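Here's the letter readout for the chains.
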Amino acid sequence: MPSSWVTRWAPCVPAGARVLDLACGHGRHARWWAALGHAVTAVDRDGDALQALAGVAGIEAVQADLEGEAWPLTDQTFHLVIVTNYLWRPRFDALLATVAPGGLLLYETFSAGHEAIGRPSRAAFLLQAGELLQRCAGWQVLGFEEGHLTQPARFVQRIAARRPAAAADPHDAQRVSLPEWPLSQG
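All values derive from a computational prediction rather than experimental measurement.

> Looking at this model, I keep getting lost on the sheet that holds strand S1 (residues 18–22). Mind explaining?
Strand order across the open sheet formed by 7 strands is S3-S2-S1-S4-S5-S7-S6, with mixed pairing between neighbours. Only two strands of the sheet have a single partner each, and these edge strands are strand S3 (59–63) and strand S6 (140–149). Along the sheet, successive strands turn relative to each other by an average axial angle of 10°, direction set aside. Strand contacts of helix H2 (residues 28–35): S1, strand S2 (39–44), S3, strand S4 (78–84) and strand S5 (99–110), with the helix running at about 150° to S4, the strand carrying the most contacts.

Encoded structure:
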């Protein structure tokens, strides 16, 4: 099942959007967004996991080592960029650059505190308090949460942030009003 954090923002994404599912694994989010009619690029280093996406309509699977190779998405932008359960800080600026002006970033991964209950446990793979807010400074934050979740037990941080729109963004007319969500911030 896709993350409820990722699916709750569907009304904010224009029809037929270009979607990037970065570090997609077996493609739970890529499949969900493709089923909604979006053109999805699913990127992961695990070729075996990407095989699960072979032949799925609306999905282009790209095998790339996001940490060791050249950035595979140079000069590409997407209306929606999704990252879950993955953190590689040296590529964060490149990641943000893939979000088109006016586009949406949905990011959800493990945060400090998680080391006490499971993997990942190294600080290099755990967000620090408020880190996603700092990384998205200057963007419109639509939602932000951090803290402990259950089923399964984990410490997470997640953000939905819109990149500032360019002066003449043709997708502005297609943008949907934001739903009212009860969000927690602690």
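From this point on, the discussion continues.
> Can you help me understand the environment of Phe78 in this one?
In this fold, Phe78 is placed in strand S4. In sequence terms Phe78 and Val99 are 21 residues apart; their C-alpha atoms lie 5.2 Å from each other. Among all residues touching Phe78, those that are not within four sequence positions of it are Arg18, Val19, Leu20, Thr41, Leu73, Thr98, Val99 and Ala100.

> I would appreciate a short explanation of H2 in the present structure.
One turn of the α-helix equals 3.6 residues, which is why residues spaced by three or four share an orientation. Taken together, the buried positions of H2 are His29, Ala30, Trp33 and Ala34. The buried residues of H2 occupy an angular sector of 130° when projected down its axis, which confines them to one face. Of the residues flanking the end of H2, it is Gly37, one or two places downstream, whose phi is positive at about 100°.

> Help me understand the nonpolar core in this model?
Generally speaking, soluble globular proteins have nonpolar side chains that are buried together. Residues Leu22, Val81, Leu95, Leu105 and Tyr107 are the most contacted members of the largest nonpolar core, which totals 26 residues. Those residues in contact with Val81, other than ones at most four positions away along the chain, are Leu20, Leu95, Thr98, Val99, Leu104, Leu105 and Leu106.

> Would you explain unusual backbone geometry in this entry?
The phi angle of most residues is negative, glycine excepted, and most peptide bonds adopt the trans form. For the peptide bond that leads from Gln151 to Pro152, omega is -5°, which places it in the cis range. Unlike most non-glycine residues, Asp75 shows phi in positive territory, near 65°. Owing to a relative accessible area of 79%, Asp75 belongs among the exposed residues under this scheme. A positive phi angle, close to 55°, is found at Asn85, a residue other than glycine. Its location among the elements puts Asn85 in the loop between S4 and helix H4 (92–97). With relative accessibility at 44%, the residue Asn85 sits in the partly exposed group.

Rules used throughout
- Residues numbered from 1 in each chain as written.
- Predicted model: local features only at pLDDT ≥ 70, side-chain atom pairs only at ≥ 80, totals over all residues.
- Heavy atoms only, no water.
- Pairing = 2+ DSSP bridges.
- Helix = DSSP H or I, 4+ residues; strand = E, 2+ residues; numbered from the N terminus.
- Axes fitted to C-alpha atoms, helices over the stretch in contact; angles between N-to-C directions.
- Contact = heavy atoms within 4.5 Å.
- Buried < 20%, exposed > 50% of the residue type's maximum accessible area, 1.4 Å probe, protein only.
- Arc of directions from axis to C-beta.
- Core = buried A, V, L, I, M, F, W, Y, C linked by side-chain atoms within 4.5 Å.

Read these as layout, nothing more, since geometry by itself doesn't imply function.
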